[in-house]
Amino acid sequence: AGFIKSPLSQKRLTQDSVELYCEAIGNPIPEIQWWFEGNDPNETYAQLWDGARQDRVKINATYNLHSTSTISIANLTGDDSGMYECRASNDPDRNHLSKSPKVKWIRSQANVFVIERPEISTDVSLGSGTMTLSCNISGAHPHITGHKWMHKEKVLQEDSSSGTFTSYTIEGKVEEHSGVYECVFEASPQIKGEVNVSVPPQVAAYKTSEHGNEGDTGVLTCKNPSFPAVTTWSWQKSGQGVSARLDNASGRYIIKSSGNKTELRILKLDIEQDTGDYSCSGVNPLGSGNATVSLRVRSRLAALWPFLGIVAEVLVLVTIIFIYEKRRKPDELPD
């Protein structure tokens, strides 16, 4: 057996995760194991398995043409610092309890350094038509080489300053710029903080007016593009509540809601009963918001009216031509 890819040493912060990768070849295909030795001088190597350390360790391995294995450790602590060893062997007696394998396990090592996460204080200050987000590192920290501000995986601002403070200013209404913003301190390892800009729900209808045919299923939809997500959705029509907790007598209402979307389905639309305005309301810890959707229900024969109109026009035209031909004087016969 031989390694074609070995794990690489890495630095991480507490509460982060780390992933180590190992790949080996041989004939027959070798088995891969993961072992760990902590920084305590008296600690010896111990084998790691999937689900170890209170299910924080995940090991995935594939044996197709050659061996590959990945070990992932989530929510790192200081005790996760140490030497991680990838071992590979294809000797038939490699796991025998009494026999020694003829071919020893080959080994590849990588160090994982887990550093205590520095404390980051965040703030949101509002001005006249502006909003300023800030992050400040307190306590010991690695050397900083720059800053970056991100939102929805998009870089908004970056610099090469070495300071422990960084800020980002946004122009416009707070309601238009809610969400989770990330301040990144470029260091080894990288340090990240989150700034939450929270507002009451900014509920809006996908379409302010919907149409449906009698007997079909009507679908009305509302969304909440703001942060945080809506915790409770409800629907109302003409002052009468229609919600998931209240069973409609006819059982025709079906409501499906998630954090940012709610959908009301009305089965077997009725012109008299279902035509009207529907209001969707969303509530989160900061308040509530609502929007209105107008529903118009058309008759089953609505699609036939244009066709019947054309037929009527053709009949009228044919009738006029027929009458005209009947009353027209015949041409004089030539001598």
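None of these values were measured; they are calculated from a predicted model.

A. The overall build of the protein, seen in detail. What the protein contains, in helices and strands, is 3 helices and 25 strands. Relative to the 2.2 N^0.38 estimate, which gives 20 Å for 335 residues, the radius of gyration of the protein is 35 Å and therefore markedly larger than a compact globule would have. If one aligns the C-alpha atoms of the protein with their principal axes, the spans along those axes are about 125 × 60 × 60 Å. Residues counted as buried form 33% of the 335 residues belonging to the protein.

B. How the structure looks around the sheet that holds strand β9 (residues 106–115). A sheet is described by the order of its strands in space; here 5 strands give the open sequence β2-β9-β8-β4-β5, paired in mixed fashion. Each edge of the sheet is formed by a strand with only one pairing partner; in this case those strands are β2 (10–13) and β5 (46–48). On average, each strand axis in the sheet is inclined to that of its neighbour by 35°, with strand direction left out of account. Looking at chain direction, β2 and β9 are connected through 4 bridges and run parallel. What sits directly across from Lys 11, in β9, is Phe 113.

C. Examining the UniProt feature "domain: Ig-like" (unreviewed entry) in the protein more closely. Listed under "domain: Ig-like" (unreviewed entry) in the UniProt record, and renumbered for this structure, are residues 16–104, 118–198 and 201–298. As annotated, residues 118–198 comprises 0% helix and 63% strand, and the C-alpha atoms at either end are separated by 25 Å.

D. Main features of the domain arrangement of the protein. Domain boundaries assigned for the protein yield domain 1 (2–115), domain 2 (119–197) and domain 3 (204–298). Placing a centre on the C-alpha atoms of domain 1 and another on those of domain 2 gives a separation of 36 Å. Domain 1 puts 4 residues into the contact, and the matching count from domain 2 is 4 residues. Both faces considered, domain 1 and domain 2 share a buried interface measuring about 320 Å² in area, 76% of it formed by carbon and sulfur atoms. Together, Lys 11, Leu 13 and Ile 115 form the three largest contributors to the area buried by domain 1 at its contact with domain 2, with a combined 91%. Inspection of the region where domain 1 meets domain 2 yields 0 residue pairs in polar contact (both at pLDDT 80 or more). Considering every element that reaches the side of domain 1 that touches domain 2, the biggest residue donor is β2, with 3 residues. Class assignment for the residues of the side of domain 1 that touches domain 2 results in 2 nonpolar, no polar and 2 charged.

E. Molecular detail of a nonpolar patch on the surface. A surface patch of nonpolar side chains, about 370 Å² in accessible area, is lined by Phe 307, Leu 308, Val 311 and Leu 315. Note on placement: Leu 315 falls in helix α3 (residues 304–327). Under the relative-accessibility criterion, Leu 315 is labelled exposed at 53%.

F. Inspection of the sheet that holds strand β11 (residues 130–138) at higher detail. Taken in spatial order, the 3 strands make up an open sheet running β10-β11-β14, and their pairing is antiparallel. Lying at the two open borders of the sheet, with one neighbouring strand each, are β10 (119–126) and β14 (165–171). Taking each pair of neighbouring strands and ignoring which way they run, the sheet shows an average axis angle of 15°. Bridge count between β10 and β11: 8 bridges; the pairing is antiparallel. Across the sheet, residue Val 124 finds its bridge partner in β11, namely Leu 133.

Conventions we followed
Residues numbered from 1 in each chain as written. Predicted model: local features only at pLDDT ≥ 70, side-chain atom pairs only at ≥ 80, totals over all residues. Heavy atoms only, no water. Helix = DSSP H or I, 4+ residues; strand = E, 2+ residues; numbered from the N terminus. Rg over C-alpha atoms; globule rule 2.2 N^0.38 Å. Buried < 20%, exposed > 50% of the residue type's maximum accessible area, 1.4 Å probe, protein only. Pairing = 2+ DSSP bridges. Axes fitted to C-alpha atoms, helices over the stretch in contact; angles between N-to-C directions. UniProt positions renumbered as here; feature names shortened; annotations may be inferred. Domains from an automatic or database assignment. Contact = heavy atoms within 4.5 Å. Buried area = accessible area lost by both parts, 1.4 Å probe. Polar contact = N/O pair within 3.5 Å; in protein donor to acceptor, adjacent residues only side chain to side chain. Nonpolar A, V, L, I, M, F, W, Y, C, P; charged D, E, K, R; others polar. Patch = residues over 30% accessible without salt bridge, like charges linked within 9 Å, V, L, I, M, F, W, Y side chains within 5 Å. Areas by Shrake-Rupley, 256 points an atom, 1.4 Å probe, with all protein chains shown as cover. Salt bridge = Lys/Arg side-chain N within 4 Å of Asp/Glu carboxyl O.

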